[in-house]
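One letter stands for each residue in the lines below.
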Amino acid sequence: LILRSSNIRTKLMLFIMGILMIVISSVSAQEAVVVKWWHINTNEAEGAFWQTIADEFMAANPGVTIEITVLENEAFKSRLFTVMQSGEAPDLFQSWGGGVLWEFAEAGLLRDIAPELDANDGEWRNSFSAQAALNLYELDGASYGVPWTWGAVGMFYNKALFEQAGLDPEVTPTTWEEFVATIETLKAAGITPISLGGKDKWPGHFWWVYAAIRMGGQEAFLNAYNRTGSFADEPFVKAGEFVKSLVDMGAFPENFMALTYNDQFTLTANGGAAMELMGQWSPGNYNNVVEGGLGDDLGWFPFPMLPDGLGNPGDVLGGGDGYAVGANAPDAAIDFLKYLTSADVQRRAAEVWVIPTVGEAEDVVTDNPVFASIIKARNEAPYFQLYYDQFLPPALGGEVNDAVEALLAGLATPEETAARIEDMAVFELED
């Protein structure tokens, strides 16, 4: 009996030790999970918010470490391409979808998360109200990321400066003629009409692309993209003419080609310019410059229609921010991405700077007239075009930015600008 009891105790101890070893092994394995997350939210409030979200997730998942790398927009793009060339993608990283993302996917640098999006009858996938945005993270039936904020590029304006110039702040221009008249009125009052940071290139490309959308609509772009037409066709040349006319009439600050994007939104936030063509993140930037931003003086209106334009007035240039998933990302990265795009996190992020992509969270911004206008424009757009420098292949998107920079600087004509973009399109889009 004593021997049998001793054997039982030994076996029991060995069993318990085995269980403990499994538990210890499991915990050790969990502790080894590191999610490398790159984002570009460098301002204090946005960065602090993301750190809070990461801390919450790590507290709920003690075996996971979220390793955050924060980079300024231009530095991020440069460094990302460097690490991608080495074949080492971050687990989660900032992405606007479109051609740049698709090129990474084709190189095998991304993880397909379609199984997770479609699990439980597509619960995660169907939570997104901005389905057009979600589509930009897909290629050939695979999904490589999700959007977490999405909106429309449009004209932010300072109602107080409009009033100072004798303009009705509640009556905004809808046609180019009305827009030009607004610019001239502001100039006559000694107010800089439009803030623009030409040094960073991409803010300037918004002007040329929006003008092309208004002139040629979706058909002109698809013809050029599918190679049944050309980026040197009339709508794109005309777009350059309208952009050049703004420079010629002195609509931008005198030194705008030396200004960065940070200079651009800082000038707007401080009341140094009346208007700014920019995306939905602008109010957050204003708030970071001046407490409370422009407050009730902030307004928003769509890009005006151009004479003889074939586009629909509701057509939108837009986009937003999302996260793509690296090829070797652990499952914990997908779980964290689900948390980032949960209704709770989206609602809280909207209080800081985000226009939600999850339908359940949209009601949190409907009381904000500016955000409500942007969501309406986004959701009702008959044609929604992602920024060219993200939708097009990287080399072509970069050429758009460079060509428009030369146009704005007076170093190229509208015809030369369109021809330069078309020359690159021949190499990048034709077989």
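This text goes with the structure placed above it.
Remember, predicted model here, so these are calculated numbers, not experimental data.

1. Description of the pairing of strand S8 (residues 275-278)
Look at any regular strand and the pattern is simple: side chains alternate between the two faces of the sheet.
Stage number 1. Residue alternation in S8 divides its side chains into two sets, Met 275 and Leu 277 and Glu 276 and Met 278, and both sets are buried.
Stage number 2. Where strand S7 (residues 154-158) lies against S8, four bridges are found, and the strand directions are antiparallel. Looking at S8, one finds that Tyr 157 is bridged to Met 275.

2. Topic: the packing of helix H17 (residues 394-408) against helix H18 (residues 414-429)
Stage number 1. As a packed pair, H17 and H18 sit with axes 9 Å apart at the nearest point and diverge in direction by 170°. Considering the angle they form, H17 stands roughly antiparallel to H18. For the pair formed by H17 and H18, the contact residues are Ala 395, Leu 396, Glu 399, Val 400, Asp 402, Ala 403, Val 404, Ala 406 and Leu 407 on the first element and Pro 414, Thr 417, Arg 420, Ile 421, Met 424, Ala 425, Glu 428 and Leu 429 on the second.

3. Some points on helix H10 (residues 234-248)
Stage number 1. When the terminal C-alpha atoms of H10 are compared, their 21 Å separation across 15 residues agrees well with the 21 Å that a helix rising 1.5 Å per residue should span.
Stage number 2. Of the positions making up H10, those classed as buried are Pro 235, Phe 236, Val 237, Ala 239, Gly 240, Phe 242, Val 243 and Leu 246.
Stage number 3. Buried residues belonging to H10 abut helix H8 (176-188), helix H9 (202-226), helix H16 (388-391), H17 and H18.
Stage number 4. Downstream of H10 by a residue or two, Gly 250 has a phi angle that is positive, lying close to 70°.

4. A closer look at the environment of Ala 188
Stage number 1. Structurally, Ala 188 can be placed in helix H8.
Stage number 2. Relative accessible area serves as the criterion here: at 71%, Ala 188 is assigned to the exposed category.
Stage number 3. For the pair Ala 188 and Val 290, spaced 102 residues apart in sequence, the C-alpha separation works out to 27 Å.

5. Describing the sheet that holds S8
Stage number 1. The antiparallel open sheet is built from three strands, whose spatial order is S8-S7-S9. Only two strands of the sheet have a single neighbouring strand rather than two, namely S8 and strand S9 (298-301). Pairs of neighbouring strands in the sheet enclose a mean axial angle of 30°, with direction left out of account.
Stage number 2. Judged from the four bridges that link them, S7 and S9 form a sheet pairing that is antiparallel. When the bridges of S9 are listed, Phe 156 appears paired with Trp 300.
Stage number 3. Against the sheet, helix H15 (residues 369-380) touches S7 and S9, its axis set at about 15° to S9.

6. Brief notes about the pattern of salt bridges
Stage number 1. Per the stated rule, a full pass over the model turns up 17 salt bridges.
Stage number 2. Where Glu 405 meets Lys 201, a salt bridge forms, and the shortest distance between an N and an O atom there is 3.9 Å. In this pair, Glu 405 is assigned in helix H17 and Lys 201 in the loop between H8 and H9, connecting sequence segments 204 residues apart.
Stage number 3. Of the residues examined, Glu 405 reaches a relative accessible area of 25% and is grouped as partly exposed.
Stage number 4. Among the salt bridges present, the one from Lys 376 reaches Glu 380, with a minimum N-O distance of 3.0 Å. Of this pair, Lys 376 and Glu 380 are both found in helix H15, four residues apart, which corresponds to roughly one turn of the helix.

7. Description of the packing of aromatic side chains
Stage number 1. The full count for this structure, using the stated rule, is 41 aromatic pairs.
Stage number 2. Both rings, one in Trp 38 and one in Phe 76, keep their centres 6.5 Å apart while their planes meet at 75°; by these two values the pair is edge-to-face. You can see Trp 38 sitting in strand S1 (residues 33-39) and its partner Phe 76 sitting in helix H3 (residues 73-85), a full 38 residues away along the chain.
Stage number 3. For the ring pair Tyr 210 and Phe 303, a centre distance of 4.8 Å and an interplane angle of 10° mean the geometry is stacked. Of this pair, Tyr 210 sits in helix H9 while Phe 303 sits in the loop between S9 and strand S10 (316-325), placing them 93 residues apart in sequence. In terms of burial, Tyr 210 and Phe 303 fall into one category: buried.

What counts and how
Residues numbered from 1 in each chain as written. Predicted model: local features only at pLDDT ≥ 70, side-chain atom pairs only at ≥ 80, totals over all residues. Heavy atoms only, no water. Buried < 20%, exposed > 50% of the residue type's maximum accessible area, 1.4 Å probe, protein only. Helix = DSSP H or I, 4+ residues; strand = E, 2+ residues; numbered from the N terminus. Pairing = 2+ DSSP bridges. Axes fitted to C-alpha atoms, helices over the stretch in contact; angles between N-to-C directions. Parallel < 35°, antiparallel > 145°, perpendicular 65-115°, else oblique. Contact = heavy atoms within 4.5 Å. Expected span 1.5 Å × (residues − 1). Salt bridge = Lys/Arg side-chain N within 4 Å of Asp/Glu carboxyl O. Phe/Tyr/Trp six-rings, centres within 6.5 Å; stacked < 30°, edge-to-face > 60°.

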